[in-house]
Each structure stands twice: as C-alpha cells, then as structure tokens.
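# A closer look at the structure
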Amino acid sequence: MTEGKVSTMAADRQHLSTAVPLLFLLGGLSAFPLGPEKSAGVSCGYESCHPTKPDMLNVHLVPHTHDDVGWLKTVDQYYYGDRNDIQHAGVQYILDSVVDQLLKNPDRRFIYVETAFFFRWWKQQSPAMQETVKQLVNEGRLEFVNGGWCMSDEATTHYSAVIDQMTMGLRFLNDTFGPCGRPRVAWHIDPFGHAREHASMFAQMGFDGFFFGRVDYQDRARRMLAREQELLWRASDSLTPPLADLFTGILPNGYNPPEGFCWDQSCDDPPIRDDPDLEDYNVNDVVQRFLNIANSQSKVYKTNHIIMTMGSDFQYENANLWYKNLDKLIRYVNARQASGGRVNVLYSTPSCYLQELHRANLSWALKTDDFFPYADDAHDFWTGYFTSRPALKRYERISNGNLQTCKQLEVLGGPFSSTGPFGQDDSLTLQRAMAVAQHHDAVSGTEKQHVANDYARRLADGWRRCQVVVSNALAALSGSMAERFYCDGLNISVCPISESSKQFSVSVYNPLARPVVWPVRLPVNGTAYLVSDAGGRPVDSQVLPVSRATREVRRSRGFAVNELVFQVRAPPLGYTTYSVTLRTAGAPAAAVQRRAAASIQNKFLKATFDPETGLLSSFSNLETNQTVQLTQNFYWYNASDGNNSASDQPSGAYIFRPNSSTPFLISKTAKTEIVQGSVVQEVRQWFSPWVSQVVRLYADSRALELEWTVGPLPIQDDLGKEVITRLDSSIQTGGVFYTDSNGREVLQRKKDFRPTWKLRQSEPVAGNYYPINSRAFIKDDEDQLTVVTDRSQGGGSIRNGSLEIMLHRRLLYDDVRGVGEPLNETSHVFPDGLVVRGRLLLTLDRPAAAADTHRPLAQQEVLQPLLTFTEGAPKPDTQLEFSGLQAALPPAVHLLTLSRWDGDSVLLRLEHQFQSWESDVGSQPVTVSLQKLFATMDVLGVSELNLSANQWKDEMQRFQWRPEEEERPLLKPLEDPPSWEVTLKPMEIRTFVLRVRLR
Ligand SMILES: *[C@@H]1O[C@H](CO)[C@@H](O)[C@H](O)[C@H]1NC(C)=O
Ligand SMILES: [Zn+2]
C-alpha cells in the first residue's frame, strides 16, 4: 500500500512548486486520512447511500436520463429542445425539472452522465442555483456517473481522443464540484458492443466499476443462466493486474425501466392510483407486478441486490411524473415488509449498487476478451457502423492529429500562440468539437445526415481557429511573420499556393517525439522544381502527372496537372522548412507508361503484379528475405433489403447484413499504368468508373501504400452496396486474425468462435466482422502481413489466408434502430453519391518483429505531419528548423499528450507503445528523464495523475475485486514513485502535470 504519502504529497501539490526530489524526503506510513467527501462536512459518494437490508432482496431504483450528444438532432437542438418535430427532447428542461424535484424530497436520487450538456446548463444558472446544485452534489442526491464530455462509441474511437474527451468532462466536474463531483462508476448504457481498451482506460481513470446495457443476445442468455452478468474484466494482457481490472455489470433491461413501469411523459404506463375511494385503485396490482419482476430478476444475478434503470432516452423533462410514482412505489412495496414481505426498494445510484456488490465479498467470473461483435438477434449484427460514413471517420481522425499539433504548439509557442500577429484564439473549440465527435452516434456514423454535417462543421470551425494558434506559434518559433497557408485538400491534389506559385516554402511540423521521414506530395503546374532543405541542400524530387482518378474526385476544386513529390525528414516535436522553386528550363514530367506493370520496389520492399490481370500478385520484404503470394481486389456485398425469408432485417447505418455470403467481384482485371522515378514508384489501377487504386512505394518507406478511391456507388440497379477490398495471401491463418482495440492492444479473432460462449453462427460474414481501429493482421509461424488503416473500418477473415476490409457503404433502407434514414450519403460536390479516398499501409515481417514496424507506422498515420506554406523564399533570419525536445524519445515511447494545463503548468502523457509479448526489442521497459525532456522549457515540478487527470495518482483508491480463478486477493503492484526519471512498462501510460518555465 502506498497510502502513507497522501497527506504530505497533497500539501505540496497545491502549488506544484517544490522540485520533485524534495517530495520523497517526506512520507512514511500513516493511516489513510478520511475521504475528502467526509472531511469537508459533506456526505457524497459511497457515504451518502441509503441503508439496505441484509436479509431482504434490495432493489436499487436508479432514476436516469440518456441524453445523446447528437443523433436525430444536433447537440444544440437537443440541449434547447429545438426541432421537437424530429424527436421530443430538450435537455435544459430535464435538468431544470430534476433539480426542482430533487429538492422536494431528500430521499430522491438522480444521476447525470453527459458533461457536454451539463456544462451548457451550468453556465446559464444563477449563482444561487449553482449553490443549490452544489449542495445536492455534496449530499449525493445528484451524482455524476461516467462524466466524460459524451458517452463515447467503443468500436470506432481512437484511445487518444477518448482520453481527451474523458479528461475534459471529468476536469470540469472536479473544478466545479471538487471530490464530490468525481464519478466512481463508468456508464456506457447505449454503445453497441464494448471494447477491451475502453475497460482498460476506465480502470486507469480510477473507476470502481462499469455498467452497460447492450450485449450479444446469446452471450446474455448464457450469462443469465450462469449468473455471470456481473464479472471482472481483465482488460490488458500487458499491464499488471489489477491495474486494468474493471468490475463490469450488464444491466437487466438495457437501460430502460422494467415493462409496465415507465412513468415518463413519453410513456403510456398506468400511474399508481392509490386513493382507495376511487374506482381505479391499483396499488396491489402494481406492487404485485413489481415483486414478480424483482423476483425473477434476482434469479439471474448473484447477490441480494438488484438494479433497475428507471428512465430512458431524454426522459425526466417533466420529472414530477417519474418521482411522484417512484415515491409511491417505494412506499407501497416496503409497506409489505410489515406483513412478511422480503423485498426492500430504495432510491439508489450505480455507485451505491456497486458498493453493495463489493460488500458481498464474492469472487466474480474473469473475462479477458471483449464484447464485439454485438448482435441483438440471429441476423442482426451491429457490424455495419464499423465502416458507416467513412469520410466522417477519416475527418475525425485527421482532426485529432490537428488538435494534438495545435495543443503542442500552444505549449511550445508560449503566450504568443494565443495572441499573436494572426489574431487571438485557442484550441478549445477544436477540443470541444472532437469531444462531441466521440459520441456513440457521431464518429460511429449512426446519426442523421444533418447531424453528421453538424459534427463536421464543428470540427472545421475548430480547425480554422487552431490555424490561428499554429500560425502564431510558428511565427514565434521561426521569427517569421510571413502569412501561412494551409492545404486541407492535399489528398485530392488541391492546394492553391503550390498550384500557382513559382516559389514557396513548406514547413513540416511533426507532432511525434521521434523524427519521421514523410513523403510530401503537392499539386503543381510546372514540370521541374528545385527543392532544398533547411540547410540549403538540394533534395531529390520528382514530378508526375495527376491521375485520372484524382481529376475525377477533385472535380472543379483544383487545376494542377502535375504532382511534385519529395521526402522530408522532420525533427521530433518540431518543424523543418523546405523551399521549392520552379525551374524554368525543366525536364518534362515523368511519363506515365500504359504497360502491363511488372513490379515496383525500393530498398526494403517489392510488390509484383500479374501482367494478365494487373492485380497485385506477391509482396516481399527484401531485408528479411520473405515473400508471400498476395492478390488484392475489390468486391461488393449486396445489402439485404429486408425482403428475405430468414429475417426482414435490412442492412443499414448500424447493421451489416449482406444478402449473400459471396461478394460480387467489381472487375477481374485492372487497367494499369506505371510511373517510376527515384522518389516514388506507383502502379495506378482502374477497376471501374467507381473503383480505382494507386499502389505506391516511396524510396524510404517500410510500407506499401494502397490508396483507394471508391464511389459514387451506383444505385440505379436498386441494390445497396457495401464495398470491400480483400487481400488473399499464401499465409496459413487457420481462421485466425488479429485486430486492435481503440488503436492500442491487439486481440485475437477466430472465425465462428467466441472465447466465452459456444457460438451458434447465423451470419457467416457479418457475424465474423470486427472493428479495425488502426490495424489488423494475419500471420503464421513465418510471416505476418499487417494492414495499418487511416480510419476506423470493419473487417474480417472469412477464408484461409485472407483479410477483408470494408471501405464504403451506400444503402437504400433504414435498419430500424431508430435513425430513420437509409445510409445514402450525398453532398453538394457529390450529388451523385459520396466518393471516398483513403489508404491502407501494408507491411510484411517476421511475427516477432512486426510490431517494431507497425507500431510507429500507425502512430505516424494518426499524428501526421502538418504542412504549412508561405509564399516566396524565407527571409534570411528565419529559423528554418526547430525541435521542442532535447533528443528524440526512445522508439518504445510515444508522447501522447502535451497541452496547457493551467497557469504555468502543462499536461504530459507518456506511453509505452508495445504490448509485453509483441517484440523482443520494443517490449522492454524504458526510462525517460522528465528534466531533460524539453529543449525550450525547464521543468520545475512534477505531480502524477490518473489517466483522466482528475485525481492525483497517490489518492487513487479503487475497489479491489476477486476473480473466481484466483484464491488470494491481488496486491496493488508496486508503483514507481514520481521522480524525474520515469520508467514505462509495456502498454503503460503515465500522466503528469509539469510546472514549466519557458527558457
Ligand atoms: C480537484 O479539485 C480539488 C478542489 O478544487 C482540487 O484541490 C484538486 O487539486 C483537483 N484535482 C485535480 C487532479 O486537479
Ligand atoms: Zn445513445
């Protein structure tokens, strides 16, 4: 136990002013001080729970509302109760009404979840109302659960954005309410399947337990029989237990009230009519129905405590209806105790319920896999949303990279970055836009079209404002006040400055803590350019014609005829600048050869093509001398329209249901063109008017790039289409493949198999799809073929040696899960259907070394360098290169967060990016010195926090839970005390507040 340090450390933390080594002179063992909730004369959290009766069945009624941060309406429309013609829902009225009703009876309880909404409401309250609400929180009558900005999606979110959005919500709660505002329980009642990495993060955020509503129907049936709906989730194979252990409960009725007991204004169940003089007296009937439900529910859970969620989507707008009836229900059921009734009903919260489970001191079933995919019936697999809205998914991922760059530059550029020559701004708008985009109907792609547009608009607005920050910071660091231009359309060869300018500079900012080599590709109209690096040395460059596919996808948005390509080497956490000048007497652009492609190669890799079909045919790693047979092609599944004898379920935004397990081939052959030069070699493949691809190898790249362009998907034939690319290899996979969880740990997937129950497979394709967040791989003893993706996608391995990834979907029917629209994306640029472009990166390695390549590759894909442009040649005194670090961090260490905290302090997260079993080299523990980290800042003080930065690390006290398999309780693993030297073990993330001074 490390409790002894708590009080002395706390004293120091208030000003974060003492240099670290001093901290360790203090300490020694003392009794753990009273919890903060008691010491301030208040009683919240576990202290404030209503008493229960040990010899009875205790029914915990949890009044709650589920408020989506955007779905059928935008987040603003939901807040204000606008557009009630779409859905009757107004969060401001819910909070008004609930507070009012809580004040009427101190026994009543309410939980609130989504801080994005609560924050809006709080800002608008009077000081007197704020005091009242604080009082309710301090007494545990209003309790926050989960507490992130939103309730994130679990399949399609990247861990870095999830940690950010949880940090934002939880920090607001702590700043506003102190310790009584800290949620004890994570609460994901609606997400459609549950990721192991989410559980791991929640454990590291200090949550005592986790509840959710949706679980596969077969899994639930077995768990009910075995009384295993409550379990201990061991959510990491690398972190030492119980670091990533999370007690997990599956709620009895989704998140809805039991049948017949919905007393919201949106429901029709009969109220309790308790005047015996009136005709309709129904108390006995209500009590009896309730007891029946309680008794049958208790048969499928382990203890003499059960939980009932009394609420649902946007309920409690007129909270009086609910509370008036709940007061009566409690009174009349408990009245039966006088005549021998054995049921005790109480107002409760998830944490009060959790506390009772903990007190039961039982051991719980241990789970180490995850809860994907989720099916609510035999033909209803929620595996379509892994890919739904692929353009929004990519935009969200790019926005995360831009946000991290913006936050880093806010720190490195100092005060100048928020107020400088380009204006006054900060990263907050983009932070909030990213936080709402993590919601389970946002990046998931399951919202209405107008709501998807709203999420994208928010991200664009945030990025526009971050550009001011980036320009200011780069001006401060470079000493150049030249105007900076941004080109967000480079993936479709659109960039006004490079298209028209004869001379310009490109600054490349690299948000990673290690140097990267990155291919820059710019639309130009000249045929030869002189490119030189920050030291004035010429750099090899190549000019090649813009492809037909690119001209078609960019439409009228750009006019370049060529692309200029060169590789840049960018320093860690810093930038470098390249100058580009048009050569007047230039060589012509590299010719495109319309011949059968044979092969392309660089010093690391070689890709060979079949001269007959134009398809990829083999892939080699020249360093390790490995070759696999590899064909790749594009197919589409015909989406079920619901007219089917087995089930009337159509494919839709949530659900993937192909009409047949055999996909249609789009084309047996590809027309190919080949371009070869010293910087890049590429084979351009044309499959159909709506599918094309470029297979590319840059000179210094360790990955083969497959840049796909898909759309507009034709629907004149009235068939919904779900387009995949499939890699068929000679690797012997035996039905096994691997996918990552939220961009972190990798899990094994086996065809037609679930680790915790005996699966009856009813959908041979959709039932074998899993979320791919950043990578998937197949392997045998010799070879591992890894695919790194640029966004979240769904995929599976349906045949031996093969890996398929769903790229795009266009559907004609709604899938009856509430969104009420078919997933049929169009826009003003693409009235004929959305065209989507993206890329997959392929690597081939020995299994024991594959992670050494794919880990850094995936981080580089998430945190891409940001290019900014200035007109003309740089002024002579401009600083053309800068690194914020004294030295690159070791390869195993990823700098996950660097952002402003408050005053003179910054938030820093360092992460070990390897799993313990993954790499002989990469999986070793590694030590970093905080003092010697930054090049331009002195670190004066350090304190360590939990993962969500809302609790000091040494104050973390989680419930300990015992798994069934193990006899003795686990001891808290020894943790390194905070010091300047930080050691990271595989998959560890450590979070610090540093007090810094710019040099
Ligand atoms: C949480 O809030 C309390 C009270 O305002 C403060 O003392 C504490 O330092 C905060 N914790 C963190 C981790 O910021
Ligand atoms: Zn929801």
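Residues numbered from 1 in each chain as written. Chains lettered and ligands numbered in written order. Predicted model: local features only at pLDDT ≥ 70, side-chain atom pairs only at ≥ 80, totals over all residues. Heavy atoms only, no water.

We count it as follows: UniProt positions are given in the numbering used here, feature names are shortened, and annotations may be inferred rather than shown by experiment.
Looking at an unreviewed UniProt entry, the protein carries the name Alpha-mannosidase, with the source organism given as Salarias fasciatus. UniProt's Sequence similarities (unreviewed entry) comment on the protein is quoted here verbatim: "Belongs to the glycosyl hydrolase 38 family." The UniProt entry for the protein carries the following comment under Catalytic activity (unreviewed entry): "Hydrolysis of terminal, non-reducing alpha-D-mannose residues in alpha-D-mannosides."

## Regarding the overall build of the protein
Definition in use: Helix numbering and strand numbering both begin at the N terminus, where a helix is a DSSP run of H or I of at least 4 residues and a strand a DSSP run of E of at least 2. The globule rule used here is 2.2 Å times the number of residues to the 0.38 power, and the radius of gyration it is set against is calculated over C-alpha atoms. By definition in these notes, contact holds between two residues if any of their heavy atoms fall within 4.5 Å. Method for areas: the Shrake-Rupley scheme with a 1.4 Å probe, in which residue coverage is limited to the protein chains shown. As used throughout, the charge tally considers Lys and Arg to be positive and Asp and Glu to be negative, leaving His and the chain termini uncounted. Note that the charge is assigned to NZ on lysines, CZ on arginines, CG on aspartates and CD on glutamates.
Helices and strands together make up the secondary structure of the protein, namely 18 helices and 48 strands. Scaling as 2.2 N^0.38, a compact globule of 999 residues should have a C-alpha radius of gyration of about 30 Å, and the protein matches this with 29 Å. By its C-alpha atoms, the protein is 100 × 75 × 55 Å across when sized along the principal axes. In the protein, once contacts between residues fewer than 6 apart in sequence are set aside, the share between residues at least 24 apart is 76%. Put simply, the protein shows about 34,700 Å² of open surface, and 51% of that area lies on carbon and sulfur atoms. Across the protein, 101 positive and 116 negative side-chain charges occur, with their mean positions spaced 3 Å apart.

## Comments concerning the coordination of the zinc ion (ligand 2)
Heads up, the condition is: Donor selection uses N, O and S atoms within 2.8 Å of the metal (3.2 Å for Na, K and Ca). Since no water is included, sites may look incomplete. Donor angles set the geometry label: tetrahedral for four donors if every angle is between 85 and 135 degrees, square planar for four and octahedral for six if opposite donors exceed 155 degrees and the others are between 65 and 115, irregular for anything else.
Taken together, His66 (NE2), Asp68 (OD), Asp190 (OD) and His440 (NE2) make up the full set of protein donors to the zinc ion (ligand 2), lying 2.0 to 2.1 Å away. Considering all four donor atoms around the zinc ion (ligand 2), angles at the metal cover 92 to 159° and the coordination shape is irregular. Within one chain, the residues serving as donors to the zinc ion (ligand 2) are arranged as H-x1-D-x121-D-x249-H.

## Section: the pattern of salt bridges
Put simply, the rule reads: Within this document, salt bridges are pairs made up of a side-chain nitrogen of Lys or Arg and a carboxyl oxygen of Asp or Glu, the two lying within 4 Å of each other. Type-normalised accessible area, obtained with a 1.4 Å probe on protein chains alone, sets the label of each residue: buried when under 20%, exposed when over 50%, and partly exposed for intermediate values.
Summed over the entire model, instances satisfying the criterion amount to 61 salt bridges. In this structure, aspartate 700 engages lysine 603 in a salt bridge whose closest nitrogen and oxygen atoms are separated by 2.2 Å. Placement of aspartate 700 in the loop between β29 (691-698) and β30 (704-710) and of lysine 603 in the loop between β22 (599-601) and β23 (605-609) is noted, with a sequence separation of 97 residues between them. Given a relative accessible area of 51%, lysine 603 falls into the exposed group. A single salt-bridge network, built from bridges that share partners, covers Arg521, Glu563, Glu682, Arg684, Arg696, Glu705, Glu707, Arg839 and Glu861.

## Thoughts on the state of the cysteines
Convention followed: When the sulfur atoms of two cysteines come within 2.5 Å, that pair is taken as a disulfide.
Evaluated as defined, the whole model comprises five disulfides. Covalent S-S linkage joins cysteine 44 and cysteine 180, the inter-sulfur distance amounting to 2.1 Å. As the torsion about the S-S bond is roughly -85°, the cysteine 44-cysteine 180 disulfide counts as left-handed. Pair noted here: cysteine 44 is in the loop between α2 (36-39) and β1 (57-63) and cysteine 180 is in the loop between α7 (159-177) and β4 (185-188), with a separation of 136 residues, a long-range link. On the accessibility criterion, cysteine 44 (1% relative accessible area) is buried. Look at cysteine 180 and you get buried, because its relative accessible area is 10%. With its sulfur 1.9 Å from that of its partner, cysteine 262 forms a disulfide with cysteine 267. Comparing cysteine 262 with cysteine 267 shows no difference in burial state: the two are buried. The closest cysteine sulfur to the non-disulfide-bonded cysteine 150 is located on cysteine 466, 19 Å from its own sulfur. For cysteine 150, a relative accessible area of 1% corresponds to the buried category.

## Focus: the packing of α7 against helix α14 (residues 428-437)
Put simply, the rule reads: Each axis is a line fitted through C-alpha atoms, taken for helices only over the stretch in contact, and angles between the N-to-C directions span 0 to 180 degrees. Angles are sorted into four bins: roughly parallel if under 35 degrees, roughly antiparallel if over 145, roughly perpendicular if 65 to 115, and oblique for all others.
Closest axis-to-axis distance for the α7/α14 pair is 9 Å, and the angle between their directions is 110°. It follows from the interaxial angle that α7 and α14 lie roughly perpendicular. From α7, Ala161, Gln165 and Met168 reach across to α14, where they touch Gln431, Arg432, Met434 and Ala435.

## Considerations on the site of ligand 1
Note the cut-off: What makes a residue near a molecule or strand is one non-hydrogen atom of that residue sitting within 4 Å of it. Nitrogen and oxygen atoms within 3.5 Å of one another constitute a polar contact, given that in protein one can donate a hydrogen and the other can accept it, and given that sequence-neighbouring residues count only through two side-chain atoms. Polarity classes work like this: nonpolar for Ala, Val, Leu, Ile, Met, Phe, Trp, Tyr, Cys and Pro, charged for Asp, Glu, Lys and Arg, and polar for all others, with Gly in that last group.
What surrounds ligand 1 is the set Asn174, Leu945, Ala949, Asn950, Gln951 and Trp952. Between ligand 1 and asparagine 174, the relevant distance is 2.5 Å, taken from an oxygen atom to a side-chain nitrogen or oxygen of the residue. Side-chain polar atom of tryptophan 952 to an oxygen atom of ligand 1: 3.3 Å apart, as the coordinates give it. With the chains in place, 57% of the 360 Å² that ligand 1 exposes on its own is no longer accessible. Residues belonging to the shell around ligand 1 are distributed by class as follows: three nonpolar, three polar and no charged.

## Describing the environment of alanine 203
Position of alanine 203 relative to the elements: it lies in helix α8 (residues 196-204). Judged by its relative accessible area of 1%, alanine 203 is buried. Sequence spacing of alanine 203 and proline 242 is 39 residues, and the spatial spacing of their C-alpha atoms is 8.7 Å. Once residues lying within four places of it in the same chain are set aside, the contact partners of alanine 203 are Leu243, Ala244, Asp245, Leu246, Met956 and Arg958.

## Comments concerning the nonpolar core
Where a protein is soluble and globular, its nonpolar side chains tend to be buried together. Note the following rule: Here, nonpolar core refers to any group of buried Ala, Val, Leu, Ile, Met, Phe, Trp, Tyr and Cys residues whose side-chain atoms link them within 4.5 Å.
Core analysis: the largest hydrophobic core is formed by 181 residues, its most contacted members being Val59, Leu61, Phe118, Tyr316, Leu329 and Leu704. With nine residues, the single largest contributor to this core is α7. Those residues in contact with leucine 61 that lie beyond four places of it in its chain are Phe290, Met308, Met310, Leu326, Leu329, Ile330, Val345, Leu346, Tyr347 and Ser348. Core analysis: the second largest hydrophobic core is formed by 49 residues, Ala161, Val411, Tyr509 and Val926 among them.

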